[in-house]
Amino acid sequence: MAFFDKLKESLGESLRGVKELWSGGIASLFSGGSFDECFWENLEEMLISGDVGVDLSEEIVSDLKARAKSAGITAKRDLKSVFVSMISDRLSSVEGMGRPFEITRPPLVLLMIGVNGSGKTTSSGKLASRFLAQGKKVVMAAADTFRAAATEQLQLWGERVGVRVVAQKQGSDPAAVAFDAWQAAKASSADVLIVDTAGRLHAKHNLMEELRKIYRVLEREAGAERIQVVLVLDAVMGQNGLAQAETFNGILPLSAIILAKYDNTAKGGIILRIASNLKVPIRYIGLGEGALDLSPFDPAVFAAALMELEDDKE
Ligand SMILES: Nc1nc2c(ncn2[C@@H]2O[C@H](COP(=O)(O)OP(=O)(O)OP(=O)(O)O)[C@@H](O)[C@H]2O)c(=O)[nH]1
Ligand SMILES: [Mg+2]
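A few points on the structure. Treat the numbers as computed from the prediction; the structure is a model and nothing was measured. (Residues numbered from 1 in each chain as written. Chains lettered and ligands numbered in written order. Predicted model: local features only at pLDDT ≥ 70, side-chain atom pairs only at ≥ 80, totals over all residues. Heavy atoms only, no water.)

1. So, the overall build of the protein
Next, step 1: Summing up its helical and strand segments, the protein has 13 helices and eight strands in all.
Next, step 2: Buried residues in the protein amount to 56% of all 314 residues.
Next, step 3: For the protein, contacts bridging at least 24 residues in sequence account for 76% of all contacts bridging at least 6.
Next, step 4: Element-wise, carbon and sulfur atoms account for 48% of the exposed surface of the protein, whose accessible area totals about 13,400 Å². (Helix = DSSP H or I, 4+ residues; strand = E, 2+ residues; numbered from the N terminus. Buried < 20%, exposed > 50% of the residue type's maximum accessible area, 1.4 Å probe, protein only. Contact = heavy atoms within 4.5 Å. Areas by Shrake-Rupley, 256 points an atom, 1.4 Å probe, with all protein chains shown as cover.)

2. Some details on helix 6 (residues 120–133)
Next, step 1: Over its 14 residues, helix 6 runs 20 Å from end to end, which matches the ideal 20 Å to within 8%, given 1.5 Å per residue.
Next, step 2: Where helix 6 is concerned, the buried positions are Lys120, Thr121, Ser123, Ser124, Gly125, Lys126, Leu127, Ala128, Ser129 and Phe131.
Next, step 3: Once helix 6 finishes, Gly135 follows within two positions and takes phi at roughly 80°, a positive value. (Expected span 1.5 Å × (residues − 1).)

3. Considerations on the packing of helix 8 (residues 174–187) against helix 9 (residues 205–222)
Next, step 1: At a closest axis distance of 8 Å, the pairing of helix 8 and helix 9 adopts a crossing angle of 25°. Overall, the two elements helix 8 and helix 9 adopt an arrangement that is roughly parallel. Here helix 8 runs over helix 9; the crossing is right-handed. In contact with Pro174, Ala175, Ala178, Phe179, Trp182 and Gln183 of helix 8, helix 9 contributes Glu210, Lys213, Ile214, Val217, Leu218, Arg220, Glu221 and Ala222.
Next, step 2: In the contact of helix 8 with helix 9, the residues fall into nine nonpolar, one polar and four charged. (Axes fitted to C-alpha atoms, helices over the stretch in contact; angles between N-to-C directions. Parallel < 35°, antiparallel > 145°, perpendicular 65-115°, else oblique. Left-handed = near helix turned anticlockwise from the far one by under 90°. Nonpolar A, V, L, I, M, F, W, Y, C, P; charged D, E, K, R; others polar.)

4. A word on the pairing of strand 4 (residues 192–197)
The two faces of the sheet receive side chains in turn, since in a regular strand these alternate between them.
Next, step 1: Judged by how many residues are buried, strand 4 sits mostly within the fold: six of six residues are covered.
Next, step 2: By the alternation rule, side chains of strand 4 split into Val192, Ile194 and Asp196 and Leu193, Val195 and Thr197, which are all buried.
Next, step 3: The pairing of strand 1 (residues 108–113) with strand 4 spans five bridges and is parallel. Residue Leu111 lies in a different strand from strand 4, and its bridge partner there is Val195.
Next, step 4: Two elements, strand 2 (residues 138–143) and strand 4, share six bridges in a ladder whose sense is parallel. Bridging across to strand 4, Met140 finds its partner in Ile194. (Pairing = 2+ DSSP bridges.)

5. Observations concerning unusual backbone geometry
When glycine is set aside, most residues are seen to have a negative phi, and most peptide bonds are trans.
Next, step 1: With an omega of -10°, the peptide bond between Pro106 and Pro107 qualifies as cis.
Next, step 2: Locating Pro107 in the fold gives a position in the loop between helix 5 (76–92) and strand 1.
Next, step 3: Located in the positive-phi region is Asp51, a residue other than glycine, with phi close to 80°.
Next, step 4: Summarising the element assignment, Asp51 is placed in the loop between helix 3 (37–49) and helix 4 (54–71).

6. Concerning the pairing of strand 7 (residues 282–286)
Next, step 1: The buried fraction of strand 7 is high, at five of five residues.
Next, step 2: Judged from the three bridges that link them, strand 6 (residues 256–260) and strand 7 form a sheet pairing that is parallel. By the bridge assignment for strand 7, Leu259 is matched with Ile285.
Next, step 3: In the sheet, strand 7 pairs with strand 8 (residues 294–296) via three bridges, with the strands oriented antiparallel. Bridging from a neighbouring strand, Ile285 pairs with Ser295 of strand 8.

7. So, the layout of surface pockets
Next, step 1: Volume-wise, the largest pocket comes out at about 440 Å³.
Next, step 2: Lining the largest pocket we find 24 residues, and of these Gly117, Ser118, Gly119, Lys120 and Thr122 sit closest to its centre.
Next, step 3: Where the lining of the largest pocket is concerned, the elements lending two or more residues are helix 6 and helix 7 (150–161).
Next, step 4: Ranked by residue count, the leading element in the lining of the largest pocket is helix 6, at five residues.
Next, step 5: The space that makes up the second largest pocket amounts to roughly 210 Å³.
Next, step 6: In terms of lining, the second largest pocket is formed by Arg99, Pro100, Phe101, Glu102, Ile103, Thr104, Arg105, Leu108, Glu225, Arg226, Gln228 and Arg283.
Next, step 7: Residue composition of the lining of the second largest pocket, grouped by class: four nonpolar, two polar and six charged. (1 Å grid on protein atoms, 1.4 Å probe; cavity = no way out; pocket = protein on both sides within 12 Å on 5 of 7 lines; lining within 4 Å. Points joined across faces, edges and corners; volume = space filled by probe spheres on them.)

Spelled out as structure tokens, the structure:
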């Protein structure tokens, strides 16, 4: 239950906003006796204010209403567990949701993409640390040759966690770095190659083309079946992040999402929208800046933790 502990700990400390909106707000809606018409309105408002989005909030509320009706539920307490399993089911319906990366044919290639500052480099370092802890051999590629000091930042992570970083000088072709790194990963029988890329605005055509080129080179060398395109989303970005994700999804086939900075958001509902709109599995969530602050995302634990149902779970 490492994820749950971490989430609970974070909810208590850095996630005060989320606690108020979700664990606090929603859970308190479900306390007391029977529910009335006001209850549904309040729930919908609470969901909308938590970044779930208007359409999806409506959908969730009418789904819950229907379930309550068909099960003959009148007490809020009974409704609460229906709500939790509904949220958990919705998330789990996305193929691969919450499943950590599996290495079926090494080296597994993780291509880390996303907008500026979303958390790609940090998430690369955290992933490297996780794989190392499982006894896997990891190589990282500094394919952000665009931003000054980007390579140094990844190299620092490499030193910190003890992983080799393949790099070239600033301004060189990122696809060439990815190629070199793939060769190095193969030659050293690595299990995982993590390719960190430059942050790019989804509207910048040339940068998106560059990303395609990196992918093409990796696909040619490693084969598509070895590659996971990992979109790193900043949880704080809400609606904006989602729009960007959709654009990235049109450029490359997204295999997974890492939701970074979840400890920084006051609106935890973004998770539901990602699942509903993108249908791309969230594999991990970032809960801080340290090497260990990356947790596999467990939909059931998440739903229960947000509703503070942990005591009922025993
Ligand atoms: N609190 C918190 N901070 C995070 C998390 N992930 C990343 N950060 C911080 O967010 C900032 C940006 O992270 P980077 O990993 O550099 O982001 P990036 O996507 O590589 O940025 P560019 O390469 O400039 O596009 C850094 O200060 C990180 O420490 C997280 O899960 N929680
Ligand atoms: Mg970076």
